[in-house]
Amino acid sequence: MNFDPTPEQAQLRDAVRALGRRYGHDYFVAKAKAGEHTTELWHEAGRLGYLGVNVPSEYGGGGGGITELAIVCEELAAAGCPLLLLVVSPAIAATVINKHGTDEQRKRHLPGLADGSQKIVFAITEPEAGSNFHRIGTVARRDGDDWLLSGRKCYISGVDEAGHVLVVARVAVGDGQADSAEASPKLKPALFIVPTDAPGLTRSKLEMEIVSPENQFLLYLDDVRLPADALVGGSLDAGLPALFAGLNPERITVAAMGAGTGRYAIERASAYTAGRKVWGGRSIGTHQGVAHPLAHAAVQVELARLMIYKAATLYDAGRDLEAGVSGNMAKYAAGEAAALAVDTAVQALGGAGMTTEYGVATLLGAVRAGRIAPVSREMILNFVAQHVLGQERSY
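Owing to the predicted nature of the structure, the values given are computational and were not obtained by experimental measurement.

Section: the packing of aromatic side chains
Any aromatic ring pair is given by two values, namely how distant the centres are and how the planes are angled relative to each other. On inspection of all chains with the given rule, the structure shows three aromatic pairs. Ring geometry for Trp147 against Phe192: centres 5.3 Å apart, planes inclined by 65°, an arrangement best described as edge-to-face. Here Trp147, found in strand 3 (residues 146-157), pairs with Phe192, found in strand 5 (residues 187-195); they are 45 residues apart in sequence, far enough to count as distant. Take Trp147 and Phe192: they sit in the same class, and that class is buried. Ring centres of Tyr272 and Tyr358 lie 5.5 Å apart, and the angle between their planes is 85°; this geometry places the pair in the edge-to-face category. In this pair, Tyr272 sits in helix 6 (residues 239-275) while Tyr358 sits in the loop between helix 8 (320-349) and helix 9 (364-369), placing the two residues 86 residues apart along the sequence. By relative accessible area, Tyr272 is classed as buried at 16%. One residue, Lys119, lies across the ring of Trp42, its end atom 4.7 Å from the ring centre. Against the face of Phe217 rests Arg203, its NZ or CZ located 5.5 Å from the ring centre.

Things to note about the pattern of salt bridges
All told, the structure shown has 28 salt bridges when counted by the stated rule. Here Glu74 and Arg305 are joined by a salt bridge, their closest N and O atoms 2.5 Å apart. Of the two residues, Glu74 is situated in helix 3 (residues 66-78) and Arg305 in helix 7 (residues 288-316); the sequence distance between them amounts to 231 residues. We note a salt bridge from Glu378 to Arg377, for which the minimum N-O separation is 3.5 Å. By relative accessible area, Glu378 is classed as partly exposed at 42%. For Arg377, a relative accessible area of 22% translates into the label partly exposed.

Quick look at the domain arrangement of the protein chain
In terms of domain boundaries, the protein chain breaks down into domain 1 (7-119), domain 2 (122-237) and domain 3 (241-389). Centre-to-centre, using C-alpha coordinates, domain 2 lies 31 Å away from domain 3. A buried area of about 750 Å², summed over both sides, lies between domain 2 and domain 3, and 81% of it is on carbon and sulfur atoms. Where domain 2 packs against domain 3, one counts zero salt bridges. Counting every contact that joins domain 2 to domain 3 gives zero residue pairs in polar contact (both at pLDDT 80 or more). Split into classes, the residues belonging to the side of domain 2 that touches domain 3 amount to nine nonpolar, one polar and two charged.

Examining the packing of helix 1 (residues 7-33) against helix 3
Where helix 1 contacts helix 3, the axes come no closer than 8 Å and their chain directions differ by 30°. With respect to their mutual orientation, helix 1 and helix 3 come out roughly parallel. Remark: the crossing between helix 1 and helix 3 carries right-handed chirality. From helix 1, Gln9, Leu12, Arg13, Val16, Arg17 and Gly20 reach across to helix 3, where they touch Thr67, Glu68, Ile71, Val72, Glu74, Glu75 and Leu76. When the residues that make up the contact of helix 1 with helix 3 are grouped by side-chain class, the tally is five nonpolar, three polar and five charged.

Basis of the calculations
- Residues numbered from 1 in each chain as written.
- Predicted model: local features only at pLDDT ≥ 70, side-chain atom pairs only at ≥ 80, totals over all residues.
- Heavy atoms only, no water.
- Phe/Tyr/Trp six-rings, centres within 6.5 Å; stacked < 30°, edge-to-face > 60°.
- Helix = DSSP H or I, 4+ residues; strand = E, 2+ residues; numbered from the N terminus.
- Buried < 20%, exposed > 50% of the residue type's maximum accessible area, 1.4 Å probe, protein only.
- Lys NZ or Arg CZ within 6 Å of the ring centre and 35° of its normal.
- Salt bridge = Lys/Arg side-chain N within 4 Å of Asp/Glu carboxyl O.
- Domains from an automatic or database assignment.
- Buried area = accessible area lost by both parts, 1.4 Å probe.
- Polar contact = N/O pair within 3.5 Å; in protein donor to acceptor, adjacent residues only side chain to side chain.
- Nonpolar A, V, L, I, M, F, W, Y, C, P; charged D, E, K, R; others polar.
- Axes fitted to C-alpha atoms, helices over the stretch in contact; angles between N-to-C directions.
- Parallel < 35°, antiparallel > 145°, perpendicular 65-115°, else oblique.
- Left-handed = near helix turned anticlockwise from the far one by under 90°.
- Contact = heavy atoms within 4.5 Å.

Here you go:
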C-alpha cells in the first residue's frame, strides 16, 4: 500500500494549485454574481493540459487517469474555484466516448475535450424518474437511417456553455421503435451525442439558490433528428456499458471537488481564528470550542480524501466493481465532510462568516447540493446496505 503520489502527480497538484490561487474565490464569485462563466480559467486550464489529463495522449490528452483528474478537481476547488463542468465534460463525457465511442467519435470529440475548446454536458436526470434510471422516459426511435429523440431532462448543467449534450435515452429492443417509456417492456438504454443547437432541442433555465457560474437547465427534446453516427459506440449493445462507464468517474470527481471545497473552507477559517483576538491577547483559535470543531472537520475531509484516491486508484486499475463501492463511499464521505467544513467555518467566523468578503457562506448552497447530487446520500446508503452488507434491496 503506497500513499505517495508519483512525481508527475505531485507536480500536477502543485501546478493546478498555483493556477487556482491565481484566480481565486473572488473571481469565482464575481463571475457567478454577474451571470458569467469562468471562461478564462477554463481556457487556461485547457491550454496547460489540465482538462485533458485523463484523455489518451493520441488524442492530445495527458494519458493519465481519473486519479489525475481528481487532483485537478480537488486543487481548483481548494483554491475556491469548484468547477462543476470538470465533472461533466472531462470526467463523464470524455470517459464514455474514450471507452465506448467509435473511432470516428473519439477522433471528432476527444481532442477538443482535452484542450477545453469543446464541452460536452450530460443529460440523464428526468422530472418523473429521479434516481431511478429504469424509469427514464426519453425515447429514441429509428426513422430510416436517422434517430428521433423525444423526452424531457432536468438539472442539466452547463448546456449554455456546451456544443453537445450526451443524452441518455431508451430504445425498444428488436425493431428499434418506441413511442413512450411504457410502449415496450424491453427498452434498453442508449447514449446519443446531440448538438445543443439541434432543431427540436430547447431549454429553459432553472433558477437555483447556489452561487455558481454554471447554470442548470430543463431540456425538451421534440423529435430531435440525429444521424446514425450520433449513437455512442454505433450499437445499442454499447448503451448500458457506456452509461455505467461514466458513473464512477462522476462520483470520484464530485467527491474530489467536495474535499477541495472543505479544505478551502477550513483554511479560510483557520487563518481567521489564528489571527482574531477578542478576549485578551490570545487568538480565538486557542479556545477548544473554536479549534475542536475545525479540527474535527479537517479529520473528516482527510478521511474522505483517502477514500477518493482509493476509488480513483481502483478505477484506473480496471477494478470496476471495487471502484463502484469505493466511489460511492467517497462521494458520501466527501459530501458530508464538505458540508460540515463549510458550516463549521461559517460558525467559527461568526458574523464575518456570512459576508461575501470572507468567502465561505458563498459555498453553503453548493455543499448542501453535494449531499443530494449526482446521487443522494440515501441512495448511497441503499447501495452499501445491499452490496456491502448483503441486505435485501429496499427500493
